[in-house]
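The primary structure of each chain is shown beneath.
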Amino acid sequence: MSNNINSEDNLTVWEKVQIARHPNRPHGLDYINYIFSDFFELCGDRFNENDNAIIGGIAKLENQSIMVIVHEKGHDIETRIKHNFGMANPHGYKKACRLMEIASELKIPVLTLIDTSGAYPGIISEERGQGYVLAKCLELSSDLNVPNISVIIGEGGSGGAISLALSNVVLMLENSIYAIISPEGCSAILWKDQKYKEKAAEAQKLTAQDLYKYGMIDDIIPEPKGGAHQSKTATMDQVKKYIMHHVNKLIKEFKENPESIKRKRAVKFLNMGNATDA
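Residues numbered from 1 in each chain as written. Predicted model: local features only at pLDDT ≥ 70, side-chain atom pairs only at ≥ 80, totals over all residues. Heavy atoms only, no water.

1. What to know about the overall build of the protein chain
Within the protein chain, the secondary structure is distributed over twelve helices and eight strands. The C-alpha radius of gyration computed for the protein chain amounts to 18 Å, which stays within 12% of the reference 19 Å derived for 278 residues, consistent with globular compactness. C-alpha extents for the protein chain along the principal axes are approximately 50 × 45 × 35 Å. For the protein chain, the residues scored as buried account for 52% of the 278 residues in total. In the protein chain, once contacts between residues fewer than 6 apart in sequence are set aside, the share between residues at least 24 apart is 71%. Just so you have it, the protein chain exposes about 12900 Å², and 52% of that area is on carbon and sulfur atoms. Taking the average location of the 32 positive side-chain charges in the protein chain and that of its 35 negative ones, the two points are 3 Å from each other. (Helix = DSSP H or I, 4+ residues; strand = E, 2+ residues; numbered from the N terminus. Rg over C-alpha atoms; globule rule 2.2 N^0.38 Å. Buried < 20%, exposed > 50% of the residue type's maximum accessible area, 1.4 Å probe, protein only. Contact = heavy atoms within 4.5 Å. Areas by Shrake-Rupley, 256 points an atom, 1.4 Å probe, with all protein chains shown as cover. Lys, Arg positive; Asp, Glu negative; His and termini not counted. Charge placed at Lys NZ, Arg CZ, Asp CG, Glu CD.)

2. Details of the packing of aromatic side chains
For the structure on display, the rule yields one aromatic pair. Plain terms: the ring middles of tryptophan 191 and tyrosine 196 are 5.6 Å apart, the flat faces sit at 45° to each other, and that makes the pair tilted. The exposure class assigned to tryptophan 191 is partly exposed, which follows from its relative accessible area of 28%. One Lys or Arg, lysine 94, reaches over the ring of phenylalanine 47 and ends 5.3 Å from the middle of that ring. (Phe/Tyr/Trp six-rings, centres within 6.5 Å; stacked < 30°, edge-to-face > 60°. Lys NZ or Arg CZ within 6 Å of the ring centre and 35° of its normal.)

3. Things to note about empty space enclosed by the protein
Applying the stated rule across the entire model yields two cavities of 30 Å³ or more. Taken as a whole, the largest cavity encloses approximately 70 Å³ of empty space. In this structure, the largest cavity is lined by Arg21, Ser117, Glu155, Gly156, Gly157, Ile177, Tyr178, Ala179, Ile181, Ser182, Pro183 and Leu206. Where the lining of the largest cavity is concerned, the elements lending two or more residues are strand E5 (148-157) and strand E7 (177-179). Within the lining of the largest cavity, the residues separate by chemical class into six nonpolar, four polar and two charged. Counted as a void, the second largest cavity has a volume near 40 Å³. Taken together, Met100, Val110, Thr112, Ser141, Asn148, Ile149, Ser150, Leu164, Ala165, Leu166 and Ser167 make up the lining of the second largest cavity. Elements with a contribution of two residues or more to the lining of the second largest cavity: strand E4 (110-116) and E5. Residues that form the lining of the second largest cavity fall into these classes: six nonpolar, five polar and no charged. (1 Å grid on protein atoms, 1.4 Å probe; cavity = no way out; pocket = protein on both sides within 12 Å on 5 of 7 lines; lining within 4 Å. Points joined across faces, edges and corners; volume = space filled by probe spheres on them. Nonpolar A, V, L, I, M, F, W, Y, C, P; charged D, E, K, R; others polar.)

4. Considering the environment of proline 23
Mapped onto the elements of the fold, proline 23 is located in the loop between helix H1 (13-20) and helix H2 (28-35). Classification of proline 23 by relative accessible area gives partly exposed; the value is 37%.

5. Observations regarding the packing of H1 against helix H9 (residues 197-204)
Contact geometry for H1 and H9: axes closest at 8 Å, N-to-C directions at 95°. Of the possible angle classes, the one that applies to H1 and H9 is roughly perpendicular. Contact residues: H1 offers Val13, Trp14 and Val17, while H9 offers Lys197, Glu198, Ala201 and Glu202. Residues that form the contact of H1 with H9 fall into these classes: four nonpolar, no polar and three charged. (Axes fitted to C-alpha atoms, helices over the stretch in contact; angles between N-to-C directions. Parallel < 35°, antiparallel > 145°, perpendicular 65-115°, else oblique.)

6. Things to note about the pairing of strand E2 (residues 54-61)
By the criterion of burial, E2 is predominantly enclosed, with six of the eight residues buried. Two strands pair when backbone bridges link them, and strand E1 (residues 37-41) and E2 are joined in this way by three bridges, in the antiparallel orientation. Residue phenylalanine 40 lies in a different strand from E2, and its bridge partner there is isoleucine 58. Sheet topology places E2 next to strand E3 (residues 64-71); eight bridges connect them, and they run antiparallel. Across the sheet, the residue bridging to lysine 60 is serine 65, located in E3. Connecting E2 to the antiparallel partner E3 that follows it, the hairpin turn spans two residues, and glutamate 62 within it adopts a positive phi of roughly 55°. (Pairing = 2+ DSSP bridges.)

7. Some points on the layout of surface pockets
By volume, the largest pocket amounts to about 370 Å³. Tyr178, Ala179, Ile180, Leu211 and Met216 are the residues nearest the centre of the largest pocket, which is lined by 16 residues in total.

Structure follows, in structure tokens:
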């Protein structure tokens, strides 16, 4: 689909960071309730407990069954606490792995909607093997024998984001961000002070426009002027249109040549970073 990679050029990178984090942007559950029908939530990781920072289940996208896995941040104090501000513990990513395995068995596509500042970095998470679980998510995503699509709908932060975004197609909303570390964290490491966060954001090349330019994502989804929070329904309509376009293409290819899905996904990610004009 066509890209609008130069839209809202008047915004600074830091302003885009703030828009990506805006509390009134549509979140994962908003998309589930608006875009899909017959959503049936699948809970728990079969080891510990259910993690509300990651929500997933089987749904219908028009007439196509699909496995939907989303980060959910919450909209107010009560729901933000319930969903841990979108920062999942290891059992959240174990749940995601379980749902991807179910999708593979059912031969249905996987869709992930990414919106997290990162996986939860608490002591308990580390004791339960957060790094190992994120690596398992990456391994499973890369080896899926069904098509998968990821959309960065707000923040795409660190391993908590990439672990659910190793996909055949990676899309980003126009004012979303995607990076291995937050600008504040980058500033604290490089300059020993978070006050350089705006300079760090510029250097990180974390906007959709930069990432599209360097071949890290496949398409940019336009937002209403001022950001997705200015018109949630218009934003979600656009997201649905782009998802439908890529889902239909991937399903057609999958039916014609099932083995090509996994192979092309691997080639795509192995070739990243080889550009000579960066």
